[in-house]
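Secondary and tertiary structure notes
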Amino acid sequence: MSEDLITVTRPSLPDLEKLQPLLEEIWKSGRLTNGGRFHEELEARLCDYLGVEYLSLFTNGTIALVTALQAMGVTGEVITTPYTFAATPHALLWNKLKPVFVDIEPDGFNMDASKIEAAITPETTAILPVHCYGTPANVSEIQRIADLHGLHVIYDAAHAFAVRHKHSSLLDAGDISVLSFHATKVFNTFEGGALILKDKETKQRVDYLKNFGFANETTVVAPGINGKMNEFQAALGLLQLDKIDEDILARRRVYRKYQAALAGIAGLKLMDEPLDTQWNYSYCPVLVQDEFPVSRDELYDDFRERRILVRRYFYPLVSDFPMYFDSSAFYKCASSVAERILCLPIYSDLSEQDFARIIECLNDVVDKSTGRYRGKE
Ligand SMILES: *Cc1c(COP(=O)(O)O)cnc(C)c1O
């Protein structure tokens, strides 16, 4: 009997009984997309839930990011991090912008703010940091540098849904924050995303841009794109939002169980919860240290053999992708983390049995290497 697949994350199941009436309402309304009732309701409820003033929904996070750069009129070079998902630098390339990578902090996963100024050139117009795993980037220092040099700051906040830092929403930092509601994220609409905006004018401009630039039926004010979230996505989002607090609490329980279980295993370092932060427990990143009996990749293979789909977020570094690779550049801290990182499964309905299978795999790997393993080979 082969055991069930454990994925690194999975969306929690919305209340299906509530879904049917919403779908019927969408059909009856005759408005399947283009800012229907559920789209408007989800924008309002997300603003309220996240504690932000302006938000514009998108069909996915990547189009939202591409549009944010357009809305701010970013040109030339943009300073960003090599330790991120492909979408971050790709959004720059789609806008014909040049990514300039700076390394991450020695003991963290986010852009090292002390390295930003050395990377600024006369072509630099913006900084695009990532709140990696939902841990806050050094927002105050990044803003200080941006103000000093007249740069835009756009946060890739794809991991940072609902994160609060020092008592305010982390999504308030910078000019714009970009959210992703992809199926792998804490809050999801299967595919989806949003921009968090600071003023009514920018919100209006973004709303035009995501609808081909239409300001009304006959007026097109900009070469926009189709970034609209449809009513089905929005209805799913409303149902997910009903139980998001529950989901995050359940994730926290899983994280705390990992903390307890991994404390006894030498050579595995679970990320510490970020300080002064109400975190979302979006990922469970572990560094596989030299003391651990097998390499990160061997451990990854062992998990996979047991149908446990752990992930190497983020390996390889985006700066090693062929379209960004520069043989004269080396990002020491990011490279070191990329070689050692492993993200363990975390989601709200991870069962006791599945959690036990994950820990059993870790224990077996350790026991095998010390000759204590008595399971079947
Ligand atoms: C998921 C993700 C995105 C892209 O979001 P999509 O909604 O999948 O397009 C962008 N940046 C980071 C860091 C992500 O993890």
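Quick caveat, the model's predicted, so the values are computed rather than measured. (Residues numbered from 1 in each chain as written. Predicted model: local features only at pLDDT ≥ 70, side-chain atom pairs only at ≥ 80, totals over all residues. Heavy atoms only, no water.)

A packed helix pair is summarised by two numbers, namely the angle formed by the two axes and the spacing between the axes. One can describe the packing of helix α1 (residues 16-29) onto helix α8 (residues 231-242) by two numbers: an axis separation of 10 Å at closest approach and a directional angle of 150 degrees. Our classification of the angle between α1 and α8 gives roughly antiparallel. The handedness of the crossing between α1 and α8 comes out as right-handed. Residues K18, L19, L22, L23 and I26 of α1 form the contact with α8, whose own contacting residues are E231, F232, A235, L239 and D242. Class assignment for the residues of the contact of α1 with α8 results in 7 nonpolar, no polar and 3 charged. (Axes fitted to C-alpha atoms, helices over the stretch in contact; angles between N-to-C directions. Helix = DSSP H or I, 4+ residues; strand = E, 2+ residues; numbered from the N terminus. Parallel < 35°, antiparallel > 145°, perpendicular 65-115°, else oblique. Left-handed = near helix turned anticlockwise from the far one by under 90°. Contact = heavy atoms within 4.5 Å. Nonpolar A, V, L, I, M, F, W, Y, C, P; charged D, E, K, R; others polar.)

For the rest of this paragraph, the subject is the domain arrangement of the chain. Segmenting the chain into domains produces domain 1 (16-242) and domain 2 (244-369). Look at where the C-alpha atoms of domain 1 and domain 2 centre, and you get two points 26 Å apart. Domain 1 puts 39 residues into the contact, and the matching count from domain 2 is 32 residues. Both sides together, the interface formed by domain 1 and domain 2 hides about 3,000 Å², and carbon and sulfur atoms give 67% of it. Of all residues in domain 1, Y83, Y133 and V186 give up the largest surface area on contact with domain 2, accounting jointly for 23% of the area buried on that side. Secondary structure elements with two or more residues in the side of domain 1 that touches domain 2: α4 (87-94), β4 (98-101), β7 (164-165) and α8. (Domains from an automatic or database assignment. Buried area = accessible area lost by both parts, 1.4 Å probe.)

Ranked by internal contacts, the top residues of the largest apolar core, which has 106 residues, are L46, L50, Y83, F161, Y258, L299 and F303. Per-element tally for this core: the top contributor is helix α12 (residues 352-369), with 7 residues. No fewer than three residues from each of domain 1 (16-242) and domain 2 (244-369) sit in this core. Sequence-distant contacts of Y83, defined by excluding residues within four places in its chain, comprise I104, F109, C132, Y133, Y313, F314, L317, A334, V337, A338 and I341. Counting residues in each nonpolar core, the second largest holds 24 residues, with L65, A68, M72 and L195 among its members. (Core = buried A, V, L, I, M, F, W, Y, C linked by side-chain atoms within 4.5 Å. Buried < 20%, exposed > 50% of the residue type's maximum accessible area, 1.4 Å probe, protein only.)

Strand order in the open sheet formed by 3 strands is β8-β7-β12, with antiparallel pairing between adjacent strands. Sheet topology places β8 (168-169) and β12 (277-278) at the edges, where each strand pairs with a single neighbour. (Pairing = 2+ DSSP bridges.)

Time to look at the site of the ligand. The immediate surroundings of the ligand are formed by 14 residues, with T62, D156, H159, S180 and K185 found nearest. Contact distances for the ligand include 2.7 Å between a nitrogen atom and a side-chain N or O atom of D156. Between S180 and the ligand, the recorded distance is 2.7 Å, taken from a side-chain N or O atom to an oxygen atom. Protein burial of the ligand: of its 380 Å² of free accessible surface, 92% is covered by the chains. (Near = heavy atom within 4 Å. Polar contact = N/O pair within 3.5 Å; in protein donor to acceptor, adjacent residues only side chain to side chain. Areas by Shrake-Rupley, 256 points an atom, 1.4 Å probe, with all protein chains shown as cover.)

For the coordinates displayed, the defined rule picks out 19 aromatic pairs. Ring plane angle 10 degrees and centroid distance 4.7 Å describe the contact between F161 and F187, whose orientation is recorded as stacked. A residue pair is termed long-range when its members are at least 10 positions apart, and F161 in the loop between β6 (152-156) and β7 and F187 in the loop between β9 (176-180) and β10 (193-197) qualify at 26 residues. The class for F161 is buried, based on a relative accessible area of 3%. Under the relative-accessibility criterion, F187 is labelled buried at 1%. The structure contains a cluster of three or more aromatic residues connected by ring pairs, namely Y83, F109, Y133, Y283, Y313 and F314. The cationic tip of R312 hangs over the ring face of Y300; the distance from NZ or CZ to the ring centre is 3.6 Å. (Phe/Tyr/Trp six-rings, centres within 6.5 Å; stacked < 30°, edge-to-face > 60°. Lys NZ or Arg CZ within 6 Å of the ring centre and 35° of its normal.)

With that settled, the discussion passes to the sheet that holds β9. What links the strands of a sheet is backbone hydrogen bonding, and the strands pair in either a parallel or an antiparallel sense. The mixed open sheet is built from 7 strands, whose spatial order is β2-β10-β9-β6-β5-β3-β4. Each edge of the open sheet carries a strand with a single partner, namely β2 (54-58) and β4. Neighbour-to-neighbour, the strand axes of the sheet open up by a mean angle of 25 degrees, direction not taken into account. Sheet strands touched by helix α2 (residues 37-50): β2, β9 and β10. Its angle to β2, the strand with the most contacts, is close to 130 degrees. Together, β2 and β10 form the strand contacts of helix α7 (residues 200-209), whose direction differs from that of β2 by roughly 10 degrees.

Bringing helix α6 (residues 139-149) into the picture now. Restricting attention to buried positions, one finds in α6 the residues V139, I142, I145 and A146. The buried residues of α6 all sit within an arc of 130 degrees when viewed along its axis, so they share a single face. The exposed residues of α6 that point more than 90 degrees off its buried face are S140, D147 and L148. Against the buried residues of α6 lie α5 (116-119), β5 (124-128), β6 and β7. (Arc of directions from axis to C-beta.)

What follows concerns the pattern of salt bridges. A pair can form between side chains of opposite charge whenever their charged atoms are brought close. For the structure shown, the criterion picks out 17 salt bridges. Among the salt bridges present, the one from K210 reaches E43, with a minimum N-O distance of 3.5 Å. Here K210, found in the loop between α7 and α8, pairs with E43, found in helix α2; they are 167 residues apart in sequence, far enough to count as distant. Like K210, the residue E43 is buried in the burial classification. With its nearest N and O atoms 2.7 Å apart, the salt bridge here joins D297 to R296. The partly exposed category is assigned to D297, whose relative accessible area is 29%. One network of salt bridges, in which partners are shared, links E43, K203, D207 and K210. (Salt bridge = Lys/Arg side-chain N within 4 Å of Asp/Glu carboxyl O.)

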